[in-house]
Amino acid sequence: MRKIKQNTNQKAEHEIAQKSKQKAKMSRVIISVAMVLLITLNVISCSKTKQTDGGAESTASSDVGNPEGVPSDASDASTKGPTLETDDTSSQGTPPSNTSTGATEPPESPPETPRADLVPYDGIVEHLFFHEVIAYPQLAFDGDSGQQGYDEYMVTVGEYVKMLESIYSKGYILVNMNDVWSEHTTDSGARRMKKNTLMIPEGKKPLILSFDDISFYEYMSKDGFMEKLIIGPDGEIWDSGFDPSGNPVVTQEMTVVTVLDKFVKEHPDFSLDGVKGCIALTGYEGILGYRTQFDSKNDTPEARINRTQEIARVRPVIQKLKDTGWYFATHSYGHINLNKASLNGVKTDADRWLNEVGSLIGETTLFIYPFGSRLDGGDVNKTGPSFQYYVELGFRVFASVGIESYSKIKSDINAVICDRMHADGGTLRRERTRYMKFYDAIEVFDPMRPSVYGNKW
Ligand SMILES: [Zn+2]
């Protein structure tokens, strides 16, 4: 993507490499427990600190007047937390005439023949995200130190299936995040983002799905998750892992990817042109279950060969995903907290992601914040140097996490920021009403979840 910088700051890279290396080794070393905990916190709390943005999930529930989330431009902006301005409301509801004002952008949704069954849609585009699903709840909820995190930030595969069924039954149709906004040239000649008029089947409601940390981190395999996505003999994507007894499992029913693939196959009208979802990737333990990361602490000939092999193995998986409606975003290299990171730290991390992940998945303009934590201190009305750097790299959409599918087109820079709602145990337990537009927590809740954490219903 863009310019992939070869000359990254050696020192800083070394630091990150060191960190990453520690992580890679941790499962084999005595300090594994502490490190696993650390990473667990990192990963599964994608949604945790985001709450600093739009107001904490727990506290914000009381100050949002739009719990049912009925799409309405006014409610979209006005229900956000204090740092969020309302000046994006105009862009949420892009005037229909706007579609012709953009200079030479590619057209919106239907790139080829206009379809007679599609109608223009200018309302809110809902955005919901998941982490990888728990394939074996008995392992995730076994009472160890990871249990509470899994309960809070993940859903089980059983819940995921029920959620998809419910979302589908409510009339949503999956759309590509890349189609929701596009660049245009303003009257003053500046390049800015604008919201597109989507063309979707009448009566449908557009929905973006995104999936964070689809890396199959090492700590997760022991806790009831699959280990990687593979290409099966039939050329399709399959899940590979182990069952609770340690037997190898190859299935299409245990990851967010294959379950959604199957669901869309059975319900083609759940997807606009075959779109599935956005996969947000870090790089520190590779991607999609393949250890493609460069480990400067273990830069041996064997490690190099292994890395080369892993890269070769993941390439067809990436291609197949792209061919079947999946697309990618960065999630930072090291799952770093961007809110607090220095400009140098941000640059080093971004460059490393571009080198090790961007080089595999290709171009993307999408950035899904780790921890939902916005760049440069999180003030959506400011544009700090780190944000600027990412825009220079070509990123355009910056997605956090919040209590609703908020979005704001930046007026001072060529970017849009948005929030995603989070399908996880936390909202299942405590936000039933707010998520009722997608599913009823009572109906999807997995009885395998521990009873100790309690529900607000
Ligand atoms: Zn994450």
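Everything discussed here concerns the structure shown above.
What counts as what
Residues numbered from 1 in each chain as written. Predicted model: local features only at pLDDT ≥ 70, side-chain atom pairs only at ≥ 80, totals over all residues. Helix = DSSP H or I, 4+ residues; strand = E, 2+ residues; numbered from the N terminus. Buried ≥ 20, exposed ≤ 12 C-beta atoms within 10 Å, placed from the backbone. Contact = placed C-beta atoms within 7 Å. Expected span 1.5 Å × (residues − 1). Arc of directions from axis to C-beta. Core = buried A, V, L, I, M, F, W, Y, C linked by C-beta atoms within 7 Å. Axes fitted to C-alpha atoms, helices over the stretch in contact; angles between N-to-C directions. Left-handed = near helix turned anticlockwise from the far one by under 90°. Nonpolar A, V, L, I, M, F, W, Y, C, P; charged D, E, K, R; others polar. Pairing = 2+ DSSP bridges.

(A) Here's a closer look at the overall build of the chain. Counting its regular elements, the chain contains 17 helices and 16 strands. For the chain, the proportion of its 457 residues judged to be buried stands at 50%. Across the chain, the fraction of contacts at a sequence separation of at least 24, relative to all contacts at a separation of at least 6, is 74%.

(B) Molecular detail of the environment of Thr330. Inspection of the secondary structure assignment puts Thr330 in strand 12 (residues 327-330). It is 6.5 Å that separates the C-alpha atoms of Thr330 and Leu366, two residues lying 36 residues apart in sequence. Once residues lying within four places of it in the same chain are set aside, the contact partners of Thr330 are Leu281, Trp353, Val357, Thr364 and Phe367.

(C) Seen up close, helix 9 (residues 157-169). Taking 1.5 Å of rise per residue, the 13 residues of helix 9 would be expected to cover 18 Å, and the 18 Å separating its terminal C-alpha atoms lies within 8% of that figure. Turning to helix 9, its buried residues number three or more, namely Val157, Glu159, Tyr160, Met163, Leu164 and Ile167. Across the axial projection of helix 9, the buried residues extend over an arc of 150°, all falling on one side. For helix 9, the secondary structure elements touched by its buried residues are strand 2 (126-130), strand 3 (172-174), strand 7 (205-212), helix 12 (256-266) and helix 17 (441-444). A positive phi of about 95° marks Gly171, the residue just after helix 9.

(D) Main features of the nonpolar core. With 110 residues, the main nonpolar core has Val175 and Phe367 as its most contacted residues. No other element matches helix 14 (residues 343-361), which puts 7 residues into this core.

(E) Structural view of the environment of Trp326. Structurally, Trp326 can be placed in the loop between helix 13 (301-323) and strand 12. The exposure class assigned to Trp326 is buried, which follows from the 23 C-beta atoms found within 10 Å. For the pair formed by Trp326 and Gly277, sequence separation is 49 residues and the distance between their alpha carbons is 5.2 Å.

(F) Structural view of unusual backbone geometry. The backbone phi angle of Ser332 is positive, close to 75°, even though this residue is not glycine. Along the chain, Ser332 falls in the loop between strand 12 and helix 14. Take Ser332: there are 26 C-beta atoms within 10 Å of it, and that puts it in the buried class. Notably, Phe371 is not glycine yet its phi reads approximately 60°, a positive angle.

(G) Broad picture of the packing of helix 9 against helix 12. Across the interface, helix 9 lies against helix 12 with an axial gap of 11 Å and an inter-helix angle of 30°. For the element pair helix 9 and helix 12, the recorded crossing hand is right-handed. Counted together, Val157, Tyr160, Val161 and Leu164 of helix 9 and Val256, Val259, Leu260 and Phe263 of helix 12 form the full contact between these two elements. Looking at the contact of helix 9 with helix 12 residue by residue, the classes come out as 8 nonpolar, no polar and no charged.

(H) Fine view of the sheet that holds strand 9 (residues 237-242). Here we have 3 strands laid out as an open sheet, ordered 8-9-10, and antiparallel in their pairing. At either margin of the open sheet sits one strand with a lone partner, and together these are strand 8 (228-231) and strand 10 (248-251). Neighbour to neighbour, the strand axes of the sheet diverge by 35° on average, direction disregarded. Where strand 9 lies against strand 10, 4 bridges are found, and the strand directions are antiparallel. Residue pairing in the sheet places Asp239 in a bridge with Thr251 of strand 10. Here helix 12 sits on the sheet in contact with strand 8 and strand 9, set at roughly 140° to strand 9.

(I) Seen up close, the pairing of strand 9. For strand 8 and strand 9, the ladder comprises 4 bridges, and the chain directions are antiparallel. Following the sheet pairing, Ile231 is matched in strand 9 by Ile237. Between strand 8 and strand 9, which pair antiparallel in sequence order, lie 5 residues; one of them, Gly235, sits at a positive phi of approximately 85°. What sits between the antiparallel neighbours strand 9 and strand 10 is a turn of 5 residues, in which Gly246 has the positive phi angle 90°.

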